[in-house]
Amino acid sequence: MRIKEIDIAKGFLMVLIIFAHSYAPERYVSYVSNVLASFMFISGFLFKEESFYLKLKKIFLNILVPFYFMTTIGYFLYFAINKVLHLTTDVFSTFFDFIIFGYAPIDIPVNVLPLWYLYMFSIAEICFVIFVRLKVTYLIPLFSILSTILVNVQTKFFKLEVVFHGLVWFYLGWLFKRKGFNFKVKKPLLLLGISGFLIFLLTGLNGFNDWREANYGNYPLISYVVEFFTLIFVISFSNLVVSRKIEGFFMLFGKFTLFVLGYHIVIPGLFMPLIKDPLLFLEKFWLLNYFIMVFFMYLIIKFVPEKLLYFLSWQFYIKKASG
């Protein structure tokens, strides 16, 4: 049985991620730069303990296959757009580093960049399965803190530098579910206000939190606190929105999270060759670009047949399960 609050939370997080990728100034993006912890918490909450083989099969079909497919599509589209806009061909040297190690320098194609999270998440879930099988999940917070303190640069080591930082939120989601948490909170409006205020204050202190680069701000340990209050903010928001008229909007984004992640830059980017100076346009009209991106994605996930959306994100396993 689907939990509405979770679908709304996932949709809300995707809308925030689109904002982060809208070319908004970093001073604004920093306030939403802690949202990946909430995604990890939700995934841990939904985690099902199954046989090791079945879990690996699902990770491969549901995450890695879409990652490889949408990455390839993104590179080909960038190549086509590059022919018109005469950008740079240097990005193609990063293709194999990206698909093998999850290594994602800032100069890889911008339409592919968000997909690093899928690679990282697949490794994180495999690691969590191993911790569960070995019955040592209690060690995850220690691994997380050590990774956060000792590693603050991106490496070509299967994204483990950020996997361990984020895995603590996966673990907490799994733990909260086992303790009976049902994704509902009392007084959500009060919690939304308090957490929002603390996010504002602490983000001003800690700055931008960039999981991709394993850079967690000015004071890495404070990032845990901001990520926690971001989680409270997201859960509170989902509780406020449920059963209201706008719940369908966020639930739709939550249902097609993978498709939106893979194509929220790709599809609007197809129109960039029509603009004389795309970078200048994005810098000057980033807010307009954000609303265009959200509007385009909403129209697509609202009116394009579900089977086609699953095909474009290469989610054959999910398509079979839902059909």
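No experiment lies behind these values; they were computed from the predicted model shown.

Think of two packed helices as two axes; the pair is described by the angle between the axes and how far apart they sit. Where helix α3 (residues 36-46) meets helix α6 (residues 116-134), the closest approach of the two axes is 12 Å, and the angle between their N-to-C directions is 40°. Judged by the angle between their axes, α3 and α6 are oblique. Crossing of α3 over α6 shows right-handed handedness. Only Trp-116, Tyr-117, Met-120, Phe-121 and Ala-124 of α6 make contact with α3, whose side of the interface consists of Leu-36, Phe-39, Met-40 and Ser-43. Considering only residue class, the contact of α3 with α6 consists of 8 nonpolar, 1 polar and no charged.

For the rest of this paragraph, the subject is the environment of Lys-177. Structurally, the position occupied by Lys-177 is in helix α8 (residues 160-178). Residue Lys-177 is classed as partly exposed on the basis of its relative accessible area of 43%. C-alpha of Lys-177 to C-alpha of Leu-113: the two residues are 64 residues apart in sequence and 32 Å apart in space.

Here we come to the confidence of the model for the protein. Of all residues in the protein, 94% have pLDDT values of 70 or greater, and the mean over the chain is 91. Below pLDDT 50 for its whole length, residues 319-323 participates in 4 contacts with residues either more than four positions away or in separate chains.

The rules behind the values
Here the residue numbers are simple positions, counted from 1 along each chain's written sequence. Given that this is a predicted model, residues contribute local features only at a pLDDT of at least 70 and side-chain atom pairs are listed and counted only at 80 or more, while totals for whole chains, interfaces and linings are drawn from all residues. Excluded from the side-chain calculation are hydrogens and water; included are all heavy atoms of the structure. Throughout, an axis means a line fitted to C-alpha atoms (over the contacting stretch in the case of helices), and angles, computed between N-to-C directions, take values from 0 to 180 degrees. Numbering of helices and strands runs from the N terminus; a helix is a DSSP stretch of H or I covering at least four residues, while a strand is a stretch of E covering at least two. An angle below 35 degrees is treated as roughly parallel, one above 145 as roughly antiparallel, one from 65 to 115 as roughly perpendicular, and anything else as oblique. A clockwise turn of the near helix away from the far one marks a right-handed crossing, whereas an anticlockwise turn of less than a right angle marks a left-handed crossing. It only takes one pair of heavy atoms within 4.5 Å for two residues to be counted as in contact. Residue classes follow a fixed rule: Ala, Val, Leu, Ile, Met, Phe, Trp, Tyr, Cys and Pro count as nonpolar, while Asp, Glu, Lys and Arg count as charged, and any other residue, Gly among them, counts as polar. Burial classes: relative accessible area under 20% of the type maximum marks a residue as buried, over 50% as exposed, and values in between as partly exposed (1.4 Å probe, protein chains only). Values of pLDDT, ranging from 0 to 100, describe the predictor's confidence in every residue of the model.

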